[in-house]
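Topology and contacts: notes
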Amino acid sequence: MITTNPFEVLSANLPLEPGVMQAYVVLMVLLVIGGTLLDVVHKKSAKYFFEKGQSLKKLARREVGGGEKVGIAVSTLTNEVLTSSEFENRDRRISHLFTMYGFIFFVVTTAILIFGLPAAEGGSGGLSALLWHAGALSMCFGGYWFWFKIRADVRSEGNEWYNVHQSDLFVVSLLLMATFALIWSILQAVTGATSMLSILAFVVFIAAATTLFSTILWSKFAHMFFKPAAAFQKKIAVADGSRDKLPEIPDLASAECKERYPDIPEYMGDNPPYMGLGIKREAPNHY
Amino acid sequence: MPTFVYMTRCDGCGQCVDICPSDIMHIDPKVRRAYNIEPNMCWECYSCVKACPHNAIDVRGYADFAPLGHSVRVRRDEEKGVVAWRIIFRNGEKDMNLLAPITTKPWGKHIPQLADAPPPSQEMRESQYLYNEPKYIRFDDGGLHTLDAAGLTLKTGVYE
């Protein structure tokens, strides 16, 4: 079952041409691009990043070269984008990674499976189908963990897990899409591609996917575009010395620090010890 | 002026939610970033500003130490045991860094074990002093301490 291309089964059993499915995928891609551009215009995020960059440039102590910028972009990609290193909370990071990679695998393999239709004789795209199911499962794991544990924990004002608001548009449509993709695939194998239950699951799957990709302006979908920009700008601010208007904390044992801040050696000694963790000893629990 | 959060820096970790004494720092359920739900109730204690691991929270400082249009930012490094401030005036000419200790001993290692302290004697119980009071205000060591006794003088005006 998990190595079967569900779109191929659907196309073979129902009067649904591969061209229609391919047009749907293209439409969703266009909706994502259009929605993101609308979001950028509406929230003025591009303007914000540009103006912030200009204001920090005035405080810069040195010029960051092109090569260094490329290095910073690569480190942003490997840390913040690929491993979600900006999350302080370990559980949130793991949950986010499961959801993110699940989503990527799911979307890419959906395109491969649909654009591979009609499948050549003998080649059924087994690996892509396997990754499609694994992606949906990974999204469900990360997403439901978030929904039942992490999200409920944040909402300490008495909002239970079953309270759904418009603000949950992104995560709910994402979870419905992944869940009903799996249910649809299972029902196809168990009850047949033309059964009522299977078609119903497929309709919910498509409705959830359409909602997810067409409501970017009202959901938090666009975070995947502006978060890397924010992380990159943060690193540039450190590299050029402006430090986003934040103070510098020098080496406390250095002679320069002792001369500039005589309070430090007076109260903390010539070689201040490592003080360990204070409030960070306990993970925040949002209460 | 109350706290505000730079949405692009915040990752919704919840340190500010935990530490806010007014319980007004919350996580927005949609974007999962922190925000001040009731700015009128914020007394600008800077607890959340210092606790934020991403320096995502800011406060406009009081006008008595920096004029309007300035930037006052703070970093608390608990592992080094210091807090650093940077004040930039609006014309950019004044760019001042300050550094001060916030602890002189490692965190959590030198907590007074009050349970192990000997119980007060009957004489102490009947006296007008509070528990440990003579020791801390040092009435038992030369009477009331004054500026004169300590060789200090009170200056007038604003200290430079």
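Rules used in this analysis
- Residues numbered from 1 in each chain as written.
- Chains lettered and ligands numbered in written order.
- Predicted model: local features only at pLDDT ≥ 70, side-chain atom pairs only at ≥ 80, totals over all residues.
- Helix = DSSP H or I, 4+ residues; strand = E, 2+ residues; numbered from the N terminus.
- Buried ≥ 20, exposed ≤ 12 C-beta atoms within 10 Å, placed from the backbone.
- Contact = placed C-beta atoms within 7 Å.
- Domains from an automatic or database assignment.
- Core = buried A, V, L, I, M, F, W, Y, C linked by C-beta atoms within 7 Å.
- Pairing = 2+ DSSP bridges.
- Axes fitted to C-alpha atoms, helices over the stretch in contact; angles between N-to-C directions.
- Parallel < 35°, antiparallel > 145°, perpendicular 65-115°, else oblique.
- Left-handed = near helix turned anticlockwise from the far one by under 90°.
- Nonpolar A, V, L, I, M, F, W, Y, C, P; charged D, E, K, R; others polar.
- Expected span 1.5 Å × (residues − 1).
- pLDDT = per-residue confidence, 0-100.

**With respect to the overall build of chain B**
If you tally the helices and strands in chain B, you get four helices and seven strands. Beginning at the N terminus, the succession of helices and strands in chain B can be written as β-α-β-β-α-β-β-β-β-α-α. Out of the 160 residues belonging to chain B, those deemed buried represent 25%. In chain B, 39% of the contacts between residues at least 6 apart in sequence involve partners at least 24 apart.

**A few points about unusual backbone geometry**
A positive phi angle is found at Asp244 of chain A, which is not glycine, with a value near 55°. Here Asp244 of chain A is to be found in the loop between helix H9 (223-239) and helix H10 (255-260). Despite not being glycine, Asn55 of chain B shows a phi value in the positive range, around 50°. Tracing the backbone through its elements, the reader meets Asn55 of chain B in the loop between helix H2 (47-51) and strand S4 (57-59). Owing to 21 C-beta atoms within 10 Å, Asn55 of chain B belongs among the buried residues under this scheme.

**Regarding the domain arrangement of chain A**
If you check the domain split of chain A, you get domain 1 (6-244) and domain 2 (249-281). The gap between the C-alpha centroids of domain 1 of chain A and domain 2 of chain A is 45 Å.

**Comments concerning the nonpolar core**
Judged by nonpolar contacts, the single largest core of 33 residues is most densely connected at Ala136, Leu174, Met177, Ala178, Ala181 and Phe205 of chain A. Secondary-structure elements contributing two or more residues to this core are helix H1 (6-13), helix H5 (90-115), helix H6 (126-154), helix H7 (169-191) and helix H8 (196-214) of chain A. Per-element tally for this core: the top contributor is H7 of chain A, with 11 residues. Once residues within four sequence positions are removed from consideration, Ala178 of chain A is found in contact with Gly102, Phe106, Ala136, Met139, Cys140 and Gly143 of chain A. Counting 23 residues, the second-largest nonpolar core is a separate cluster that includes Val17, Ile24, Cys48 and Val74 of chain B.

**A few points about the sheet that holds strand S6 (residues 82-88) of chain B**
All names here are of chain B. Spatial strand order, S5-S6-S7: three strands in an open sheet with antiparallel pairing. Edge positions in the sheet fall to strand S5 (71-77) and strand S7 (95-101), since each has one partner strand and no second. Direction aside, the axes of adjacent strands within the sheet are offset by 15° on average. Direction of pairing for S6 relative to S7: antiparallel, over a ladder of seven bridges. Along S7, the bridge assignment pairs Val82 with Pro101.

**Focus: the pairing of S6 of chain B**
A regular strand places its side chains on the two faces of the sheet in alternate fashion. Residue and element names in this part refer to chain B. Where S5 meets S6, seven bridges bridge the pair, whose relative direction is antiparallel. Paired with Arg76 across the bridge in S6 is Val83. Adjacent in sequence and paired antiparallel, S5 and S6 are bridged by four residues, among which Gly81 carries a positive phi angle near 80°.

**Some points on the packing of helix H4 (residues 66-81) of chain A against H9 of chain A**
Residue and element names in this part refer to chain A. Two numbers describe how H4 lies on H9: the axes approach to 9 Å, and their chain directions differ by 130°. It follows that H4 is oblique to H9 by the angle criterion. Judged by the sense of rotation from one axis to the other, the crossing of H4 with H9 is right-handed. Judged by residue contacts, Glu68, Ile72, Ala73, Ser75, Thr76, Glu80 and Val81 of H4 engage Pro228, Ala231, Phe232, Lys235, Ile236 and Ala239 from H9. Looking at side-chain class alone, the contact of H4 with H9 contains eight nonpolar, two polar and three charged residues.

**Some thoughts on the environment of Glu259 of chain A**
Here Glu259 of chain A lies in helix H10. In the structure, Glu259 of chain A is positioned 126 residues away from His133 of chain A in sequence and 63 Å away in space, judged by C-alpha atoms.

**Describing the interface of chain B and chain A**
A common way to report how large an interface is uses the accessible area buried once the components associate. Listed as interface residues are 38 residues of chain B and, on the opposing side, 37 residues of chain A. Those elements that provide at least two residues to the side of chain B that touches chain A are helix H1 (15-19), S5, S6 and S7 of chain B. Per-class residue counts for the side of chain B that touches chain A are 17 nonpolar, 10 polar and 11 charged.

**Focus: H7 of chain A**
Along its 23 residues, H7 of chain A runs 31 Å from first to last C-alpha, staying within 8% of the 33 Å computed at 1.5 Å per residue. Gly192 of chain A lies just past H7 of chain A and shows a positive phi near 100°.

**Regarding the domain arrangement of chain B**
As assigned here, chain B comprises domain 1 (3-101) and domain 2 (112-153). Taking only C-alpha atoms into account, the centre of domain 1 of chain B sits 38 Å from that of domain 2 of chain B.

**Focus on the confidence of the model for chain B**
All names here are of chain B. When pLDDT is averaged across chain B, the result is 83; 89% of the residues are at 70 or more. Of all the helices and strands in chain B, helix H4 (residues 133-137) carries the lowest mean pLDDT, 59, while H2 carries the highest, 94. Of the two predicted TM-score estimates for the complex, the pTM is 0.79 and the ipTM is 0.73.

**Considerations on H9 of chain A**
Residue and element names in this part refer to chain A. Taking 1.5 Å of rise per residue, 17 residues should cover 24 Å, and H9 covers 24 Å from first to last C-alpha, within 8% of that figure. Residues Ala230, Ala231, Lys234, Ile236 and Ala237 constitute the buried set of H9. The inward-facing, buried residues of H9 abut helix H3 (45-59) and H4. One or two steps after H9, the chain reaches Gly241, where phi turns positive at roughly 90°.

**Some thoughts on the environment of Gly67 of chain A**
All names here are of chain A. With respect to the secondary-structure elements, Gly67 resides in helix H4. By the C-beta count within 10 Å, which is 8 here, Gly67 ends up exposed. C-alpha separation for the pair Gly67 and Met1, spaced 66 residues apart in sequence, amounts to 49 Å.

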